[in-house]
Amino acid sequence: MRACSALLAFLMPLLSACAALQPFDNAPPSPARPWKAPELSAYSAALSRPEKAREPGSVSIDPGKTYGLGELIDIAQRTNPETRVAWERARQAAIGIGLAEGTYYPALAAAATGAVAHVPIPIPTTVTPGGVFTADTHFVIPTLSLEWLLLDFGRRDAAVDAARALAMEAVAGFNAKHQQIVFAVTRDFHALTSVRGKVVVGRAALVAARSLEDAATARKQNGLATLPEVLQAQEETARATYDFQDALAAEHDARMALLESIGIRPGTPIDIADISQEPLPSGLEESVDEAIDRAIGQRPDLIAGLAAVRAGEAEVRRARADYWPKLAARAAVGGNIGELKVENSAYQGVHELQYDAGFRFEWALFDGFERRNKVRLAESTQRQATAELEHATDKAVREVWKSYNDTKVALAKHDAAAALLAASEKAWDATLESYRNGLSTFPDVREAERNLARARTADTAARAEVRTRAAAFAFSTGDLARP
């Protein structure tokens, strides 16, 4: 009774302290307004700390260097957090192979149990007065045990195959993430190139509009033009100025989008190369069937889908193997070190070796249909992976077809746009000269100026579309993800 009272006296303060920790102390008291949690300041301080030292894989930006597309892609692959996430997933999958293969090795364990025991045992009073028999012992039992699974009917083989397939799926996902980043940077780089082309077009249109305004002003001073012509020419100059400033704003937005795709801060000083006037890629030399064959053999999503199918097949084999028994060899060696006394007798010590060896046979005969349901679940998962792979393959074929045709159409459109631009430039030069000499009307020269601006815009858009369609075609065939 005294022992119980002492135990309660010890536990009561602890129970009171636990009761004081209410689960709702860290929850907002009301849904009506924001709440500052007690730990919120610590989180805010941690987030506002200066940036940590750069990791080995990070890169520094040289403000005095001009970066081309290849260098920007290299920066993105090394700095974008998504690649590091995918890399860690691939590493985890590789570690999973080691875990599965580790089951082939024997398990060796060391354990030791030490204790002091006082054991009262009820006994008839005819044997011991008082009806209680007590024994006191101090002991330590160290043990070294070994167990080695010898036969499991393919469980471990299936687990290793599944782990290897999952590792391949993770590696394909890692490559796919790189492909997505490469395509995003390429797409946004060409979008910036396109907008820069529009800036060039806007600047040229502004020059043409000013030339038209100067010509109209000169004709007005010579009495060959009217005031409305001069005002309309000034209107064209104002419109061209607005379009030029709008193109500059679009260039800033496109630059910010590119820096976001790369994974660097928007305010980072970096000089990006302008390739708006560089030669375009040549036409497609391969057939669409050749492109489809290459895509099916190397696209990361298809490789990942096939790996998922093989992982599913391995899981089916492992689930079916659970119907069979397991046989393991086991052995243990240890010691019994201690002493024992009974009632008022003296302690009697023991220091002896103990060991055992043999086989362990295990066969689950009935488990409530758990194994049957596991087989069904594994088979269903495997069929799902197969269906997803078929769907992904069909989708890949359609994407290659579309991107192949889009690239051919973009090349044809560029040829037409280039021809239109050449004709518009000639028409503008001839019409402006004719207007200066009084042989063309103001509406004619204004229309020629507008046609030239539209032709330049079409040529710039066509050039950007060729580059973007070519990148999309490389993305659809998996060329962007090749190691």
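Everything that follows concerns the structure shown earlier in this document.
This is a predicted model, so every value here is computed, not measured.

## Quick notes on the sheet that holds strand β5 (residues 326-342)
Sheet strands pair by backbone hydrogen bonding; their relative direction is either parallel or antiparallel.
Turning to step 1, where the next piece is worked out: The four strands lie next to each other as β2-β3-β5-β6, forming an open sheet whose pairing is antiparallel. One side of each edge strand has no neighbouring strand; the edge strands of this open sheet are β2 (107-122) and β6 (348-362). Each adjacent strand pair in this sheet contributes to an overall mean axis angle of 20°, direction not counted.
Turning to step 2, where the next piece is worked out: Here strand β3 (residues 132-151) pairs with β5 via 14 bridges, running antiparallel. Counterpart to D136 in the pairing with β5 is K341.

## Description of the layout of surface pockets
Turning to step 1, where the next piece is worked out: Considering only enclosed or pocket space, the second largest pocket measures out at about 400 Å³ in volume.
Turning to step 2, where the next piece is worked out: Contributing to the lining of the second largest pocket are 16 residues, with V201, A205, D243, A453 and T457 lying nearest its centre.
Turning to step 3, where the next piece is worked out: Elements represented by at least two residues in the lining of the second largest pocket include exactly α5 (155-221), α6 (227-262) and α10 (442-477).
Turning to step 4, where the next piece is worked out: For the lining of the second largest pocket, the per-class residue count stands at six nonpolar, two polar and eight charged.

## Let's talk about the side chain of T237
Turning to step 1, where the next piece is worked out: Within the fold, T237 resides in helix α6.
Turning to step 2, where the next piece is worked out: Given a relative accessible area of 10%, T237 falls into the buried group.

## Quick word on the nonpolar core
Turning to step 1, where the next piece is worked out: Judged by nonpolar contacts, the single largest core of 19 residues is most densely connected at L72, V185, L258, I262, I270 and I272.
Turning to step 2, where the next piece is worked out: Contributing elements (two or more residues each) for this core: α3 (69-79), α5 and α6.
Turning to step 3, where the next piece is worked out: Broken down by element, this core gets its largest block of residues, six residues, from α5.
Turning to step 4, where the next piece is worked out: Grouped together as the second largest cluster of nonpolar side chains are 16 residues, A215, A233, L432 and L452 included.

## Quick notes on the packing of aromatic side chains
Turning to step 1, where the next piece is worked out: Applying the stated criterion across every chain, the model contains five aromatic pairs.
Turning to step 2, where the next piece is worked out: Relative to W363, the ring of F361 lies with its centre 6.3 Å away and its plane at 85°, an arrangement referred to as edge-to-face.
Turning to step 3, where the next piece is worked out: Where F366 meets F369, the ring centres are 5.5 Å apart and the plane angle is 85°; that geometry is what we call edge-to-face.
Turning to step 4, where the next piece is worked out: Judged by relative accessible area, F369 falls into the partly exposed class, the value being 44%.

## As for the pattern of salt bridges
Turning to step 1, where the next piece is worked out: Inspection of the entire model under this criterion finds 29 salt bridges.
Turning to step 2, where the next piece is worked out: Here D188 ties to R187 by a salt bridge, and the two come within 3.3 Å at their closest N and O atoms.
Turning to step 3, where the next piece is worked out: The buried category is assigned to D188, whose relative accessible area is 12%.
Turning to step 4, where the next piece is worked out: Using a relative accessible area of 36% as the deciding quantity, one classes R187 as partly exposed.
Turning to step 5, where the next piece is worked out: Linking R294 and D479 is a salt bridge whose minimum nitrogen-to-oxygen distance equals 3.0 Å. Note that R294 is positioned in helix α7 (residues 288-298) and D479 in the segment after α10, a separation of 185 residues in sequence.
Turning to step 6, where the next piece is worked out: Looking at R294, the relative accessible area reads 23%, which means it is partly exposed.
Turning to step 7, where the next piece is worked out: Since its relative accessible area comes to 21%, D479 is described here as partly exposed.
Turning to step 8, where the next piece is worked out: Because the salt bridges share partners, they merge into one network encompassing K402, D406, K413, E465 and R469.

Reading guide: rules and limits
- Residues numbered from 1 in each chain as written.
- Predicted model: local features only at pLDDT ≥ 70, side-chain atom pairs only at ≥ 80, totals over all residues.
- Heavy atoms only, no water.
- Pairing = 2+ DSSP bridges.
- Helix = DSSP H or I, 4+ residues; strand = E, 2+ residues; numbered from the N terminus.
- Axes fitted to C-alpha atoms, helices over the stretch in contact; angles between N-to-C directions.
- 1 Å grid on protein atoms, 1.4 Å probe; cavity = no way out; pocket = protein on both sides within 12 Å on 5 of 7 lines; lining within 4 Å.
- Points joined across faces, edges and corners; volume = space filled by probe spheres on them.
- Nonpolar A, V, L, I, M, F, W, Y, C, P; charged D, E, K, R; others polar.
- Buried < 20%, exposed > 50% of the residue type's maximum accessible area, 1.4 Å probe, protein only.
- Core = buried A, V, L, I, M, F, W, Y, C linked by side-chain atoms within 4.5 Å.
- Phe/Tyr/Trp six-rings, centres within 6.5 Å; stacked < 30°, edge-to-face > 60°.
- Salt bridge = Lys/Arg side-chain N within 4 Å of Asp/Glu carboxyl O.

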